[in-house]
Amino acid sequence: MDYLKIALAKGRIGKEASKLFKGIGLCDSLDPDSRKLIFKDEKNKISFTYVKSSDVITYVQNGVADLGVVGKDEILERETDLYELYDLGFGKCKFAIAGIENQKLYAKDQVLKVATKYPKVTKKYFAARNQKIKVIKLNGSVELAPLVGLADVIVDLVETGSTLKANGLNVIEEMFPISARLICNRVSYRFKYQLIAQLLAELKEMEEG
Amino acid sequence: MEYFRIEDELKYHGKRYQLEKEIEDMFMHEGYTHLELSAFENLDQLRSLYNKLKKEHIVKVYGGSDILVLRTDHTASIIKNLIPRWEPGLKLKLFYNSDVFRSSPNGEIKEIKQLGIEYLGEAALKADKEVFGLALQILNRYDQGFIIEVSNSKFIRGLIEAMALSEEEIEHLKDLIDRKNRFELVEFSEGLDLPEEIRNSLLNLLDLQGDLTALVKQAEQNYLNPTMAEALAELMELKTFTDKLGYSQHVYFDLSLLMELDYYDGLIFKGYYPNSFKEIVCGGRYDSFTEEFGQKISAVGFSLDADELMEKGGA
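Residues take numbers from 1 onward in each chain, read along the sequence in its written order. Here the convention is simple: chains get letters from A, ligands get numbers from 1, in the order in which they are written. Local features in a predicted model are, by the rule used here, given only for residues with pLDDT of at least 70; side-chain atom pairs are given and counted only at 80 or more, and totals for whole chains, interfaces and linings are based on all residues. Water and hydrogen atoms play no part in the side-chain values, which are based on all heavy atoms of the structure.

**Q** Could you give an account of the sheet that holds strand β4 (residues 66–70) of chain B, with specific residues and numbers?
**A** Residue and element names in this part refer to chain B. When DSSP finds at least two bridges between two strands, those strands are taken to pair. By the criteria applied, helices consist of DSSP H or I runs no shorter than four residues and strands consist of E runs no shorter than two, each listed in order from the N terminus. Sheet architecture is open: 3 strands sit in the order β2-β4-β3, paired in antiparallel fashion. Of all strands in the sheet, those with a lone pairing partner are β2 (40–42) and β3 (60–63), marking the two edges. When strand polarity is set aside, the average angle formed by the axes of neighbouring strands in this sheet is 40°. Of the strand pairs in this sheet, β2 and β4 are connected by 3 bridges, and their pairing is antiparallel. Residue pairing in the sheet places phenylalanine 40 in a bridge with leucine 70 of β4. Comment: axis = line fitted to C-alpha atoms, over the contacting stretch for helices; angle = value between 0 and 180 degrees taken between N-to-C directions.

**Q** Outline helix α1 (residues 12–23) of chain A, listing residues and values.
**A** Residue and element names in this part refer to chain A. Each residue after the first adds 1.5 Å to the expected span of a helix. End to end, α1 covers 17 Å across 12 residues, agreeing with the expected 16 Å (1.5 Å per residue, within 8%). A simple rule labels every residue: compare its accessible area, found with a 1.4 Å probe on the protein chains alone, to the largest value its type can have, and call it buried under 20%, exposed over 50%, or partly exposed in between. Among all positions in α1, only Ile13, Gly14, Ala17, Ser18, Leu20 and Phe21 are buried. Viewed end-on, α1 has its buried residues packed into an arc of 165°, placing them on one side of the element. Only heavy atoms matter for contacts: two residues are in contact if any of them lie within 4.5 Å across the pair. Contacts made by the buried residues of α1 are with β1 (4–9), β3 (46–51), β4 (67–71), β11 (180–184) and α8 (193–208). Following α1 by one or two positions, glycine 25 adopts a phi angle in the positive range, close to 85°. Note that the arc is computed from the directions linking the helix axis to the C-beta atoms.

**Q** For the domain arrangement of chain A, give the residues involved together with the corresponding values.
**A** Residues and elements named next belong to chain A. Domain extents, as shown, originate in an automatic or database domain assignment. When cut into domains, chain A gives domain 1 (4–91 + 179–208) and domain 2 (93–177). At the interface, 7 residues of domain 1 touch 9 residues of domain 2. We define buried area as the total accessible area lost by two parts upon association, computed with a 1.4 Å probe and summed across both. Summing both sides of the interface, domain 1 and domain 2 together bury roughly 740 Å²; the carbon and sulfur share of this comes to 49%. Contact with domain 2 buries area across many residues of domain 1, yet Asp73, Leu76 and Glu77 alone supply 65% of it, more than any other trio.

**Q** Account for the nonpolar core, with residues named and values stated.
**A** General note: in soluble globular proteins, nonpolar side chains tend to be found buried as a group. The definition of a nonpolar core used throughout is a set of buried Ala, Val, Leu, Ile, Met, Phe, Trp, Tyr and Cys residues joined through side-chain atoms within 4.5 Å. With 65 residues, the main nonpolar core has Phe27, Ile148, Val150, Phe269 and Phe302 of chain B as its most contacted residues. The element contributing the most residues to this core is helix α4 (residues 124–142) of chain B, with 9 residues. In this structure valine 150 of chain B touches Phe132, Leu235, Leu238, Val251, Tyr252, Phe253, Asp254, Leu257, Leu267, Ile268 and Phe269 of chain B, once residues within four positions along its chain are discounted. Counting residues in hydrophobic clusters, the runner-up holds 41 residues, among them Ile6, Ala9, Leu182 and Leu200 of chain A.

**Q** Any chance you could break down the environment of valine 158 of chain A for me, citing the residues and the numbers?
**A** All names here are of chain A. Positionally, valine 158 belongs in strand β9 (residues 153–158). Judged by relative accessible area, which is 12%, valine 158 ranks as buried. As for valine 158 and isoleucine 133, which are separated by 25 residues in sequence, their C-alpha atoms are 21 Å apart.

**Q** Report on the confidence of the model for chain B, specifying residues and quantitative values.
**A** The predicted coordinates should not be examined in detail at positions where pLDDT is low. Within a predicted model, pLDDT stands for the predictor's per-residue confidence, ranging from 0 to 100. For chain B, per-residue confidence averages 91 on the pLDDT scale, and 96% of positions sit at 70 or higher. The ipTM, which scores confidence in the relative placement of chains, is 0.89 for this predicted complex, and the corresponding pTM is 0.90.

**Q** Report on the interface of chain B and chain A, specifying residues and quantitative values.
**A** Tallying the contact residues gives 25 residues for chain B and 21 residues for chain A. On the chain B side of the interface with chain A, the three residues burying the most area are Arg179, Lys180 and Phe277 of chain B, jointly 36% of the side's total. The rule for a salt bridge is simple: a side-chain nitrogen of Lys or Arg has to be within 4 Å of a carboxyl oxygen of Asp or Glu. The tally of links from chain B across to chain A stands at 6 salt bridges. The partner of lysine 72 of chain A in a salt bridge is glutamate 184 of chain B, and the shortest N-O contact between them spans 2.8 Å. Think of a polar contact as two N or O atoms within 3.5 Å of one another; within protein, one of them needs to be a possible hydrogen donor and the other a possible acceptor, and neighboring residues in sequence only count if both atoms come from side chains. On the surface where chain B and chain A come into contact, there are 11 residue pairs in polar contact (both at pLDDT 80 or more). Sorting the residues of the side of chain B that touches chain A by element identifies β7 (147–152), α7 (182–190), β9 (251–254) and β10 (267–272) of chain B as the ones contributing at least two each. Considering every element that reaches the side of chain B that touches chain A, the biggest residue donor is α7 of chain B, with 3 residues. Residue polarity is assigned by list, with Asp, Glu, Lys and Arg as charged and Ala, Val, Leu, Ile, Met, Phe, Trp, Tyr, Cys and Pro as nonpolar; anything else, Gly included, falls into the polar class. Partitioning the side of chain B that touches chain A into residue classes produces 9 nonpolar, 5 polar and 11 charged.

Next comes the structure, spelled out in structure tokens:
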């Protein structure tokens, strides 16, 4: 019988996920801090792979992994054709618009400049309220953008808000909440339905118990 | 490093031609006639279809004063050509073997070879069985480990019609169902003003898969309107047929199944091979789509992804 292959995002989500899967009795050897990237549970026929969080979707989409654990932010930012089977409840944070004190989202004679790592999410959000904006895509340290005059506001994931505060920024508007999701390849879902359904039942039991 | 030699490339093409020919022979054996189609479509004429397909996936070409697009779908082309001059009583069995074009987000244009059939003007159930049977036969010929997912789109349509939602709400709802996103579906349904029985039916939808007899019973315990009941009855009839053919272990019923192109109205199906991660075959019934071109004609068909079949079919 084939293994059920699960791709986990490295980092915080991967750590939480390893706790969760160990919690339902899978793969004791799973260790997110190890340099090893592949872990096998021979008994339950499940294998886990740690990959960069932005690659989890690629692994699952191409069927190299049947399932994946990844933040909803990655799912929203990418064009995906997957099942989102379960909200794992951890990795909770929010998408928010932030800027310096008294920064407004509307100015009559200007187009708002928004810096973000998430251009797709940002465009969609502002388009839904018919506001024209200019998106500036950054790959990190987004908080800098309003301080150096690159943008008026930023759109980013906010967990506690301490990074914002440390840079003198405030949340202007909360957009929507995010959490870690269990995603699944559409074809794997059909061919490994029994295994996947069983895993889902165990996760549910754990959550309720 | 060794490059792919001309000889190898020709061998590959030869194998591929062989496969296409085999499938075309099966089509012709069943009485289907070949139809040649233009690669161009006028964007305005197919507006209703292209509204449903993501705009960024369409390859646009500018010719004179018209905006043309490269064909994204064979069925739409065929229907647009034939339905306006349809003659009553006509029955047509057609097949095609040509490319469709899709644009990917990074601007790359993909050329996808499709082989497929359309059965027009025949009594619905008879044509459904024949077309579905042929899809099973082809899938089975190239890999006996195949699985085919089946549903009837009237089930979801019936349910959605009972909910009185806006266009945007319907689109969002279908997206959640299509992703089997139970968590957000629950959340979204709580924000809608729905009668209790309809909400229960909606939340139960993602569980309606597996053994058809069991899931029909389950569906009947919840809200069911005539359109939804019709869908279930048609599926039961199809199940009797596939059981008789001996394909029952390959056929999975899943009432939450949705298609990328939203013109289907009745039987829908998608077929897969174990080592491939793309649909090998997809198809269904689309009578109401023909209505958009003037007349409602019985119409059912499927298309095969020839590249994927060649790669994964072990041919």
